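Summary of structural features
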Amino acid sequence: MDRHEYKIALSFADALLLRTRLCAVMQRDSHAGADGTYRIRSFYFDDCRDTALAEKIAGVNTRQKFRLRCYNDDTSLIRLERKCKRNGLCRKTAAALTPAQARALLDGQSDWMMQADDPFLRECAVLFRSLRPKTIVQYTREAFVFSAGNVRVTIDSDIRTGIYGGDFFSPDLPLVPSSETPYLLEIKYDRYLPEIIRCLTQLDRAREGAFSKYTAARRFD
């Protein structure tokens, strides 16, 4: 299903205020740790022309990007994700990969996808012949959920990148801050955003923007 998605850059003070508000009304993500957070690492792909990067910067109406993703340094289960955006709405498609399959994609080997059981992987087989890994993005996420409207609100912090790529599988990968934005708020929902959530996430100093972790990380190229 297509979902609405909004991103807002936050200061440290705004993040603290927002966290207090959300905890009072929304439920914590069940997959989070004891402190309510989990770590995400993604490896983004692009073609030789950096089409995904250029389209994001230009604000092209219809675009897509691909990434490998794992959680809390657990590379035993990796997801290949395609995120599409059209007319302001987002759609994400994903498939689980083994570490060997993920390594193959990072090495530029995609022929195995033609024989995959998952139709999404078979669909990606030809596309990945022209895609190569570009940059790693890692950050810490706090996630809150609200059943009405299927709302998911996240606060991302400590957004970092591996300069010139790096070893996706290494827990000791050297990382540097990828953005001057200390915190990033993301609000995602299906058909409507409940008024209570709209009020909770309204901050006087914060402004909605088109922040992209991938774009921020590529500034080191």
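This one's a predicted model, so the numbers in the text were calculated from it and none came from an experiment.

**Brief notes about the side chain of threonine 201**
- Note on placement: threonine 201 falls in the loop between α5 (195-200) and β11 (207-209).
- Residue classification places threonine 201 among the buried residues on the basis of a relative accessible area of 8%.
- A distance of 2.8 Å separates a polar atom in the side chain of threonine 201 from the backbone oxygen of isoleucine 197.
- A distance of 3.4 Å separates a polar side-chain atom of threonine 201 from the backbone oxygen of arginine 198.
- Sequence-distant contacts of threonine 201, that is, excluding residues within four places in its chain, are made with Leu18, Leu22, Val153, Leu185 and Ile187.

**Re the pairing of strand β1 (residues 3-10)**
- Pairing geometry for β1 and strand β6 (residues 89-97), over two bridges, is antiparallel. In the strand pairing of β6, histidine 4 is matched with leucine 89.
- Note that β1 and strand β10 (residues 183-189) share seven bridges and pair antiparallel. Note that in β10 the partner of lysine 7 across the bridge is glutamate 186.

**Some remarks on the pairing of strand β7 (residues 132-146)**
- The pairing of strand β2 (residues 27-28) with β7 spans two bridges and is antiparallel. The partner of arginine 28 across the bridge, within β7, is phenylalanine 144.
- Relative to β7, strand β3 (residues 37-46) runs antiparallel, the two being bridged by 10 bridges. For arginine 41, the partnering residue across the bridge sits in β7 and is glutamine 138.
- Relative to strand β8 (residues 151-162), β7 runs antiparallel, the two sharing 10 bridges. Residue pairing for β8: glutamine 138 is matched across the bridge by arginine 160.
- Counted along the chain from β7 to the antiparallel partner β8, the turn is four residues long, and its residue glycine 149 has a positive phi close to 80°.

**Examining the environment of valine 145**
- The topology assignment puts valine 145 in strand β7.
- C-alpha separation for the pair valine 145 and aspartate 156, spaced 11 residues apart in sequence, amounts to 15 Å.
- Not counting residues within four places of it along the chain, the set of residues in contact with valine 145 comprises Met26, Gln27, Arg28, Val151 and Arg152.

**Focus: the environment of leucine 203**
- Position of leucine 203 among the secondary structure elements: in the loop between α5 and β11.
- For leucine 203, a relative accessible area of 9% puts it in the buried group.
- For the pair leucine 203 and leucine 17, spaced 186 residues apart in sequence, the C-alpha to C-alpha distance is 9.1 Å.
- Those residues in contact with leucine 203, other than ones at most four positions away along the chain, are Leu10, Asp14, Leu17 and Arg21.

Criteria and cut-off values
- One numbering rule holds for all chains: residues counted from 1, following each sequence as written.
- Per-residue local features are limited, in this predicted model, to residues with pLDDT of at least 70; the limit for side-chain atom pairs, both in listing and counting, is 80 or more; totals at the level of whole chains, interfaces and linings are taken over all residues.
- Hydrogens and water molecules were not included; the side-chain quantities draw on all heavy atoms of the structure.
- Secondary structure is summarised from DSSP: a helix means a run of H or I of at least four residues, a strand means a run of E of at least two, and numbering begins at the N terminus for each.
- Each residue's exposure class comes from its accessible area (1.4 Å probe, protein chains only) as a fraction of the maximum for that residue type: buried when under 20%, exposed when over 50%, partly exposed otherwise.
- In protein, a polar contact requires one atom able to donate a hydrogen and another able to accept it; more generally it is a pair of N or O atoms within 3.5 Å, and residues adjacent in sequence count only if both atoms are side-chain atoms.
- Contacts between residues were defined by any pair of non-hydrogen atoms, one from each residue, lying within 4.5 Å.
- Here a strand pair is declared whenever DSSP counts at least two bridges between the two strands.

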